[in-house]
Amino acid sequence: CLENPITSTMPPKAQAAAAPTAARFGRVKNNLRMGLVGLPNVGKSSLFNLLTEQSVAAENFPFCTINPSEARCAVPDARYNKLVDIWKPASEYPAYLFVNDIAGLVKGAAEGAGLGNDFLSHIQMTDGIYHLVRAFEDDSIVHVDDSVDPIRDLETIQHELCAKDLQALESAVARETADVKKTQGSKLSGVFISTMDKCREMLTNNKPIRDGKWTSPEVEMIKYKLHSLITTKPCVYLVNLSAKDYIRKKNKWLKKISEWIKAHGGGKVIPMSVEHEQAMWDNREDAEALAACAAEAKSALPKIITTGYSELDLIYYFTAGVKEVRCWTVLNGSLAPQAAGVIHTDFETNFIKAEVVAWTDFEELNVGQKGMAEVKAAGKFRQEGKSYVVKDGDIIHFQIGQGSKKK
């Protein structure tokens, strides 16, 4: 490319390493989504059903989920529940995590095996990955490779995702080279060449881009020129155990899986059991049976949802009143006017100030009464301006200029 304005105007200090989170490569939006990926018959669609309470075909057949199923699941939060209990509003709106169920990948997917290219394209449309791996034995559920070996499965999926990204990289380089040749005297920028070479080396060695050490200009180059990459996305590993192993917290594969993940860039690992979760769901209307299941082992679903949400670098603030209690999702680091704009675009334009109480202050001072009397009396209901960075769990009332409604 010609000297890219994104990189050539960077001040010298921007050469410092970018923040070490995969979310730094992501889209700047507040409706991000996680994709549930893995080999066929590892429990993806069954987990998706449990996460979203939707009926998606989960038959024992490798390609039963052809189109990605999309749904949303409420983010569990005791803070939100407390606000609802206090205000007892007419309407309640928790935060939601959007989840896509992606049909199972197989070895050779990057070259089109199975329904490979379609599935990989569906993953590209997500912002983060739940990588579900099977660590349970069950002769009635066939494994696509005829045996249970989570390490082999992890290697297979990682190779396919890296191979797909390598194809995208080579296409991007070819396009950029062709564009440069059209302009006399132009040449590829040094940052472009070095970034592409670094990405190529990682992907050729089956290393996800998110695991690299990148400078801020390199991150911007990847976002600008390689925006469709899969391995830039944050990844949460879910290990599907039998109910027996999950309850006793033992499985011969857990240590090996943990070691593999540490050796391949690290990441959040959550042991869980679709079998146990299904038993809890089936007993949801039988209080005694449900309590017995929960006593054996608590559900992993809340942790799965909240971890996915945080890995996307999302937070939310609250608005609370008798009409409604609502969570408003924003990207971590959003300023007060941007946060107001989530409610209505005019709110960002006509922002005057935000009246804010931190959740910890509210929790400490509120005695279960509606309103902010105790908070105001303690001087904790602050007025913040346009430069205020919204914190997770803030309770906010925005003051908006004429031409817009108040919230």
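Everything that follows concerns the structure shown earlier in this document.
Just so you know, these numbers come straight off a predicted model, no measurement behind them.

1. Brief notes about the overall build of the protein
What the protein contains, in helices and strands, is 16 helices and 12 strands. Counting over 407 residues, the protein shows a buried share of 49%. Residue pairs in contact within the protein that sit at least 24 positions apart in sequence constitute 73% of those at least 6 positions apart. Carbon and sulfur atoms form 51% of the exposed surface of the protein, whose accessible area is close to 19,500 Å².

2. What about the environment of Arg72?
Residue position: Arg72 is located in strand S2 (residues 69-74). In this structure the C-alpha to C-alpha distance between Arg72 and Ala95, which are 23 residues apart in sequence, comes to 9.6 Å. Not counting chain neighbours up to four residues away, the residues in contact with Arg72 comprise Thr52, Tyr96, Leu97 and Phe98.

3. Considerations on the sheet that holds strand S5 (residues 128-134)
Strands belonging to one sheet form pairs held by backbone hydrogen bonds; the direction of such a pair is parallel or antiparallel. As summarised here, the arrangement of the 6 strands in space is S2-S4-S1-S5-S6-S7, forming an open sheet in which the pairing is mixed. Every interior strand has two partners, whereas the edge strands, S2 and strand S7 (268-272), have only one. Neighbour to neighbour, the strand axes of the sheet diverge by 25° on average, direction disregarded. Of the pairings in the sheet, the one linking strand S1 (residues 33-37) to S5 comprises 4 bridges and is parallel in character. Within S5, the position partnered with Val37 by the bridge is His131. The strands touched by helix H5 (residues 150-181) within the sheet are S5 and strand S6 (235-240), with S5 carrying the most contacts at an inclination of about 150°.

4. Thoughts on the packing of aromatic side chains
Ring pairs (aromatic) are described by centroid distance and by the angle formed between their planes. Tallying each qualifying case throughout the model produces 8 aromatic pairs. Ring centres of Trp87 and Phe362 lie 6.2 Å apart, and the angle between their planes is 20°; this geometry places the pair in the stacked category. Taken together, the residues span a long stretch of sequence, with Trp87 in helix H3 (residues 78-87) and Phe362 in helix H15 (residues 359-365) at a distance of 275 residues. No difference in accessibility class separates Trp87 from Phe362, as the two residues are buried. A centroid spacing of 5.7 Å and a plane angle of 80° characterise the contact between Tyr317 and Phe398, whose relative ring orientation is edge-to-face. Separated by 81 residues along the polypeptide, Tyr317 in strand S8 (residues 314-320) and Phe398 in strand S12 (residues 395-400) bring together distant segments of the chain. For the residue pair Tyr317 and Phe398, the accessibility class agrees, reading buried in each case. One aromatic cluster is present, built from ring pairs that chain together Trp87, Tyr309, Tyr316, Phe318, Trp359 and Phe362. One Lys or Arg, Arg284, reaches over the ring of Trp281 and ends 3.9 Å from the middle of that ring.

5. Details of the pairing of S6
Counting buried positions along S6 yields 6 of 6 residues, so the element is predominantly enclosed. The side-chain alternation of S6 yields two buried faces, one formed by Cys235, Tyr237 and Val239 and the other by Val236, Leu238 and Asn240. The pairing of S5 with S6 spans 6 bridges and is parallel. Its bridge partner lying in S6, Arg134 is registered against Asn240. By the bridge criterion, 5 bridges tie S6 to S7 in an arrangement that is parallel. Of the residues in S7, the one forming a bridge with Val239 is Pro271.

6. Some details on unusual backbone geometry
Of note, the phi angle at Asn206 is positive, near 60°, even though the residue is not glycine. Position of Asn206 among the secondary structure elements: in the loop between helix H6 (190-204) and helix H7 (216-225). A residue is classified by how much of its surface remains accessible, and Asn206, at 25% relative accessible area, is partly exposed. For Lys249, which is not glycine, the phi torsion reads 60° and is therefore positive. By the secondary structure assignment, Lys249 is in the loop between helix H8 (243-248) and helix H9 (254-263).

7. Thoughts on H9
Regarding H9, the residues found buried are Ile257, Trp260 and Ile261. Buried positions in H9, seen along its axis, are confined to an arc of 95° and lie on one side of it. Residues of H9 that are exposed and point over 90 degrees away from its buried face: Lys255, Lys262 and Ala263. Downstream of H9 by one or two residues, Gly265 has phi in the positive range, about 100°.

8. With respect to the pattern of salt bridges
Tallied over the full model, the rule gives 14 salt bridges. Between Asp77 and Arg79 there is a salt bridge, with the nearest N and O atoms lying 2.8 Å from each other. Across this residue pair, the class does not change: Asp77 and Arg79 are buried. Overall, the relative accessible area of 18% leaves Arg79 in the buried class. When salt bridges with common partners are traced through the structure, they connect Asp77, Arg79 and Asp392 into a single cluster.

9. Quick notes on the nonpolar core
Grouped together as the largest cluster of nonpolar side chains are 67 residues, with contacts concentrated most on Leu47, Leu97, Leu238, Ile304 and Phe362. Contact partners of Leu47, with chain neighbours within four places excluded, come to Leu36, Leu132, Leu238, Met272, Val274 and Leu301. Counting 18 residues, the second-largest nonpolar core is a separate cluster that includes Phe25, Cys162, Ala168 and Leu203.

10. Here's the deal with helix H10 (residues 274-282)
For H10, the set of buried residues is Val274, His276, Glu277 and Met280. The arc that holds every buried residue of H10, seen down its axis, measures 165°, which confines them to one face. Turned more than 90 degrees off the buried face of H10, the exposed positions are Glu275 and Asp282. For H10, the secondary structure elements touched by its buried residues are helix H2 (44-52), S6, H8, S7, helix H11 (287-296) and helix H12 (301-311).

Conventions and cut-offs
- Residues numbered from 1 in each chain as written.
- Predicted model: local features only at pLDDT ≥ 70, side-chain atom pairs only at ≥ 80, totals over all residues.
- Heavy atoms only, no water.
- Helix = DSSP H or I, 4+ residues; strand = E, 2+ residues; numbered from the N terminus.
- Buried < 20%, exposed > 50% of the residue type's maximum accessible area, 1.4 Å probe, protein only.
- Contact = heavy atoms within 4.5 Å.
- Areas by Shrake-Rupley, 256 points an atom, 1.4 Å probe, with all protein chains shown as cover.
- Pairing = 2+ DSSP bridges.
- Axes fitted to C-alpha atoms, helices over the stretch in contact; angles between N-to-C directions.
- Phe/Tyr/Trp six-rings, centres within 6.5 Å; stacked < 30°, edge-to-face > 60°.
- Lys NZ or Arg CZ within 6 Å of the ring centre and 35° of its normal.
- Arc of directions from axis to C-beta.
- Salt bridge = Lys/Arg side-chain N within 4 Å of Asp/Glu carboxyl O.
- Core = buried A, V, L, I, M, F, W, Y, C linked by side-chain atoms within 4.5 Å.

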